[in-house]
Every structure is written in structure tokens, then in C-alpha cells.
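As a plain string of letters, each chain reads:
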Amino acid sequence: MKRIGVFICHCGANIASVVDVKKVAETAKSFPGVVYATDYQYMCSDPGQELIRKAVKEHRLDRVVVASCSPRLHEPTFRKTVASVGINPYLFEMANIREQCAWVHSKDKEGATIKAIDLVRTAVAKVGKNVPLFASTISVTKKALVIGAGIAGMQAAIDIADAGYKVVLVDREPTIGGNMVKLDKTFPTLDCSA
Amino acid sequence: MVAAAQHPQIELLTYSEIENISGYVGNFEVKIRKKARSVDPLKCTGCGTCWGKCPTRVDSEFDLGLGKRKAIYLPFPQAVPAVPVIDREHCRHFTKGKCGICEKLCPAKAIDFNQKDEIITEKFGAIIIATGYDLLKWEEVYGEYGYGKYPDVITGMHFERLNNASGPTKGQILRPSDNKSPETVVFIKCVGSRDDARGKSYCSRACCMYTAKHVHQVLEKIPNSQAIVFYMDVRTPGKAYEEFYKRSVDEGAVYIRGRVSRIFQEGDKLIVRGEDTLLGRQVEVKADMVVLATAMIPSKGWDVLSKMTNVSTDKDGFFQEAHPKLRPVETFTAGVFLAGACQGPKDIPDTVSQASAAAVKVCQLFTKDEMATDPMVASVDESLCSGCGMCENICPYKAIEIKTITERIAGKQISRRVSSVNKGLCQGCGTCSVACPSGAMNLNGFTNEQILAEVDAICL
């Protein structure tokens, strides 16, 4: 039996002023596998993350859904949160009820709430099918190739080399320097470019 | 430049081109073509006897045709390495089978006419693309400026060469047509930039500032000179930039807001006819020289490199960063980073910042002996895979190969072809799982079962 926890974020007024977050959390409690659902002002804040950790322990959750912003922003945050209380980070799903709901349906609060419920429903359905995933490792050759030896390539090569790593700096011209060495003095300091 | 050349950790491969890139983050394998210099760099002392005596003179690419070079040449005096190359297209030994004077006179016996291109293969953990920019070929589009037929209508880069102490005029600003010092110099900004109709839609970002610099240099170097700038807007959003521009105005530069409609020759003067949109009237300037601030475009060969690295470009050919705000130096190909104008027009301060940022990203990668890979990559269910190869053909990252496996079925050994995914190359885009006709290919974390569970949750 899966034990899924659902956490609905207000994102201040960003989500809560459009979506009825209480209703979404209440409805989520009835979804298959969900044993706990709640809402909070800022899930990504320290107290928000602590709320998730406490709920995982108290309700013995094994999967987590957070309904908040785009996963591009805080998916890494919440994956770490669940991992810190022993849940595989890939047994976590995010429902985007901000960019893909509240922000684009700000004039239709009722419709936005229905959509938010649907988005949470799909995330819950998916997280139920998730399996733990594990990162594998690959070796790293500690040598960099820089293509182009103008000011960009030279600066990058010097910085990497100063950190102690080997660099091969390639240029198709007979000399390094690129466009930069053709210039006379350079703005705004008027120092020499060569 | 000297710092890069003398760094013990940096190996320079000049006169070299990338032939092929394979592999993945941490483990790239790169073929590099070292073009034949026809000079042995280990023997050459850079003494200059060869180019001093070479009888062939051709236009110098480095000086944009404003000066001459020999067939065996250093692009400029401080070139690094100080080892000349023979331009085989023009060298008499290669074109006519005669001459060979450089070989005879070289005290180090460094000339090697038989040298061949050499292809080397090396392994790298990370790649930085720093291929820079070219300038738009204005002569092909701007008829009103004379399509390049007036020698004294030049680009900002030509002006740099004229102004450079080691350039063709030893730093004197002289007209290319008659080597006379110009009195009235007209500058035209946004030539090809911010011009949807004939040029590029974007702003090239460095021109307002280098034009202000050119104006300052004209007024400083040429007594009783006049500098007139035709502009659309003056854009100086950088630290100490606005002050720099203001100084050029205080020094006496005349800024006229408007476009130039025509340039034509009258005697030894160039008549520049344009509009002053602030005063609402036509203006005509008798100029001695006109300098065009032409648009930056991606450096030649960007399309080939884009295919080799799997890094996409924008509509104009500038390499695409992974995120315009949050991942400005990374690309969607793990382990490949961007620095400088190859990502978009940039000035030197911005280029240097971005280059250091890209270097930090590389160092980040190198601080660990092994790196963790994202487990959300494609995986094959070999029992379902028919080995049709659809996924192999469609994969944008060349991460899928067909391999042969041997199974025991009903007591018989059977060999068959199945797909296999290279986890280092796979970027988790999911294209293969959509293409797979038998449902054998799945993206971990987005399996068909997971996606259908979502669909069911809404539809059922």
C-alpha cells in the first residue's frame, strides 16, 4: 500500500489569490493512496520544507507530491527535502499550479481551482507508478578543450589552467588573439589589447 | 595573450581545426587537424629572414587588405607562436614549383615544403566553445553606402587597424585611397544591426562604445578634425560607459540622430546625405572618410561546430545557452560550455566575465574524479525491442547504438539485434520513447506506464 503525502503551496498570493488551496488539499485527501494532504504559504521556505519532513515521519509517507511552481525552479529543492528523510528523490512529483494554472487563469478562480485539482490528481497518479532511480557515475578526464583563442577562449583557458587543470587551446588561425588583437585601444579604459 | 601562451598548463594548437567530436561529458574524444605550416616549429627561431626575403606580396588578412604580407608570414609582429606559415595558395614554390628562397636562407633549416596536415585524437572532459564573431558583409547589402566601391568608406575594424601602432599605417589615421590625413570623419552606427529588412534584428552591443572611442581618437590624433556620428540611439549601459560617451561629446563630436540615405563621391570628398530627425531636416556633410559600425554575426563555421557538438543555435547562428538567465554559459549538451560572442554579440568586459564563468563550470566538473549522471535517461526493455533502429536514427544526441545479443530460446542459441543506450550521451529528451513502435524504449521517470497513469487520472 502506497502512502502518498500531498502539499499545496500558496506561493504567497501568487497561487492562493486565484486557486482555492484549501479545497485542493481537501479534495486530494480522497485520491487513491493519499494518506495526508495539507497547504502552506511557502513550501520552499525552511519551515515549509520542515513541514514536509515532519509529515513524512509522522504519517510514514513513502511518496510526496508538492503542488507549487514550475519544477524548473524548485524540483531540486524538494528532491533534496524528501531525500533528507529517507525517500528516494525520484519518488517525488511536482504539480505546477502556478505558471500552468494560477498565473494563466487569474480571471477564472473557479476554473483554476478545478484545474489545480486535476493537476494534483495526475501527479498523485504518476507518483504511485514511480520507482526509485539511482544515479550512476562516469569517469572524468580532467583536461579541457577550448575552441577559439580570442579574448573569450584565452581568458577561459587561463582560468582553468590556473586552477591546475590541463587545457588545449585551439585556433584555426596561425596565431592566437582572435579579433581582439586587431583592435587598437579598448573601451572604456583605453588600454592596449595585445 | 602572453599569459595564455606561456602558461605551463596550456597547450596551444594554432593553425588547427576541429575535425570531429564524439563521446560525452567527462569523456569527449576529439579529432583535431593540425594544418601544415610548412615550417618546423621546433627549429624555427622566429628570426624573420624568410619573410624578409620572400618575393611574393599579397593582401594581409589581418590588416583587412589595408596592408600587405608575404607568402610566408606572421599575421602581425607580436603573433603567438612567433612561427610563420606558408600560404600555399600564393607561395611560388607551391604555385610554380620555383623559388624556395626561404628554404635556402633559413639559418635554422626550419622550412619543410613536404609537411602534411596531421590529425591527432585527444580525450577531454569538457569543451568550451569560444569561436567569436565575424562582421556582416555590408558591401553585399548597403547600396546607399556604395557597395564597397569607395575605398574611404571603411568598417570600424579597418579603423582599428589604421589606428593600431603595429598596423599598416603605424597608427596614423590615413585615408586608404591617398594616404592623406582626413579632416572630417563621418561615423554611421547600426549598419546591419537593428535592421530587420536587410540586416539583423538585434543590437550588436559594442558599436556605440567603440564609435565613441573612434571619435575620441580622431579628435585626439588629427588637429582641427571634425567627427560626425549618425546614430539611431546611443546605448551605453555599462559601468563608466555613459561617461565615456559624454567625454566624446565634450571633446567636440557632433551626434546627429538619423540615418544616412546616400554616400557619393565628389572630387576627393565623400558626400554623406542624411536626415537629422531631431531637427526634422536634411543634412549633407562633405567627408574625407566614412566609418561604418557593422553588425556582429557568428564566426564562419558555426553551423559545422553546432552539428559536431549538438549545441543548437538561435535564428542568427549564435549558440544557444541552456537558460538565458539561470544557465547562461551552459548548453543542453552536458560538458559543453559557451564563452564570448559565439553566444551573442558582446563587448570585451562581458566576454571576459562570461569566459571566467565558463571556466568555473569546467573546474566544477573537474573537481571530482567521477561525476553522477542524471538517472532520468532512456532505457531499453530488450525483451520487447525488435532492433528496428528507429530510435537510433531519431536520437538527437547519437546516444543509441544497435548491439547484438545472444539468447537461449527453447534450447537454441539465437542472436538478435537490440538497441542500447549510452547513459553518458543520453540527455533524457524522450524522443526515442515516442518513436519506438514496440514500446520497448522508456524514459526513466517518464515511462509509458507513468504517463498513461496521468492520462487515466484525468480521463477516467
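Predicted model only: the values in this text are computed from it and were never measured.

**Student:** It is not clear to me how the sheet that holds strand 9 (residues 126–129) of chain B should be interpreted in this structure. Could you clarify?
**Tutor:** Paired through their backbone hydrogen bonds, the strands of a sheet run either parallel or antiparallel. Judged by pairing direction, the sheet is parallel, and its 5 strands sit side by side in the order 1(B)-7(A)-6(A)-9(B)-20(B) without closing on themselves. The sheet is open, and its two borders are formed by strand 1 (10–13) and strand 20 (336–338) of chain B, each paired with just one other strand. Taken over all neighbouring pairs, the strand axes of this sheet differ in orientation by 20 degrees on average, direction set aside. Looking at chain direction, strand 6 (residues 143–147) of chain A and strand 9 of chain B are connected through 4 bridges and run parallel. Bridge pairing in strand 9 of chain B places Ile147 of chain A opposite Ile129 of chain B. Together, strand 6 and strand 7 (166–170) of chain A together with strand 1 and strand 9 of chain B form the strand contacts of helix 7 (residues 151–162) of chain A, whose direction differs from that of strand 7 of chain A by roughly 165 degrees.

**Student:** Any chance you could explain the interface of chain A and chain B here in plain terms?
**Tutor:** Often, the extent of an interface is quoted as the loss of accessible area upon association of its parts. At the interface, 65 residues of chain A touch 101 residues of chain B. Both sides of the chain A and chain B interface together cover about 7200 Å² of buried area, and 65% of this is carbon and sulfur. Looking at the side of chain A facing chain B, the largest losses of area belong to Ile147, Arg172 and Phe187 of chain A, adding up to 12% of the total buried there. For the interface between chain A and chain B, the tally reads 3 salt bridges. The shortest N-O distance in the salt bridge between Lys129 of chain A and Glu449 of chain B comes to 3.6 Å. Elements represented by at least two residues in the side of chain A that touches chain B include exactly helix 4 (71–83), helix 6 (109–129), strand 5 (137–139), strand 6, helix 7 and strand 7 of chain A. Looking at the side of chain A that touches chain B residue by residue, the class counts come to 35 nonpolar, 14 polar and 16 charged. Here strand 7 of chain A pairs with strand 1 of chain B via 4 bridges, running parallel. Each residue of the ladder has a partner; that of Leu169 of chain A, found in strand 1 of chain B, is Leu12 of chain B.

**Student:** Hey, could you run me through the domain arrangement of chain A in this one?
**Tutor:** Taken as a whole, chain A is organised into domain 1 (4–129) and domain 2 (137–194). Taking only C-alpha atoms, the centre of domain 1 of chain A and the centre of domain 2 of chain A are 46 Å apart.

**Student:** When you look at the pattern of salt bridges in this model, what are you seeing that I'm missing?
**Tutor:** Residue and element names in this part refer to chain B. Counting across every chain of the model gives 35 salt bridges over all chains. Residue Glu17 pairs with Lys35 through a salt bridge whose shortest N-O separation is 3.1 Å. With Glu17 in strand 2 (residues 16–24) and Lys35 in the loop between strand 3 (27–34) and helix 2 (49–53), the pair connects residues that are 18 residues apart, well separated along the chain. What makes Lys35 partly exposed here is its relative accessible area of 23%. Between Asp152 and Arg175 there is a salt bridge whose closest N-O contact spans 3.4 Å.

**Student:** What should I look at first to understand unusual backbone geometry in this one?
**Tutor:** Where the residue is not glycine, phi is negative for most of them; where a peptide bond is considered, it is trans in most cases. With an omega dihedral of -5 degrees, the bond running from Phe187 of chain A to Pro188 of chain A counts as a cis peptide bond. Structurally, Pro188 of chain A is set in the segment after strand 7. The linkage connecting Val80 of chain B with the following residue, Pro81 of chain B, adopts the cis geometry, with an omega of 0 degrees. Turning to its location among the elements, Pro81 of chain B is positioned in the loop between strand 6 (72–73) and strand 7 (85–86). For Cys190 of chain B, which is not glycine, the phi torsion reads 55 degrees and is therefore positive. Tracing the backbone shows Cys190 of chain B in strand 12 (residues 184–191). For Cys190 of chain B, a relative accessible area of 9% translates into the label buried. Non-glycine residue Asn224 of chain B carries a positive phi angle of around 60 degrees.

The rules behind the values
Residues numbered from 1 in each chain as written. Chains lettered and ligands numbered in written order. Predicted model: local features only at pLDDT ≥ 70, side-chain atom pairs only at ≥ 80, totals over all residues. Heavy atoms only, no water. Pairing = 2+ DSSP bridges. Helix = DSSP H or I, 4+ residues; strand = E, 2+ residues; numbered from the N terminus. Axes fitted to C-alpha atoms, helices over the stretch in contact; angles between N-to-C directions. Contact = heavy atoms within 4.5 Å. Buried area = accessible area lost by both parts, 1.4 Å probe. Salt bridge = Lys/Arg side-chain N within 4 Å of Asp/Glu carboxyl O. Nonpolar A, V, L, I, M, F, W, Y, C, P; charged D, E, K, R; others polar. Domains from an automatic or database assignment. Buried < 20%, exposed > 50% of the residue type's maximum accessible area, 1.4 Å probe, protein only.

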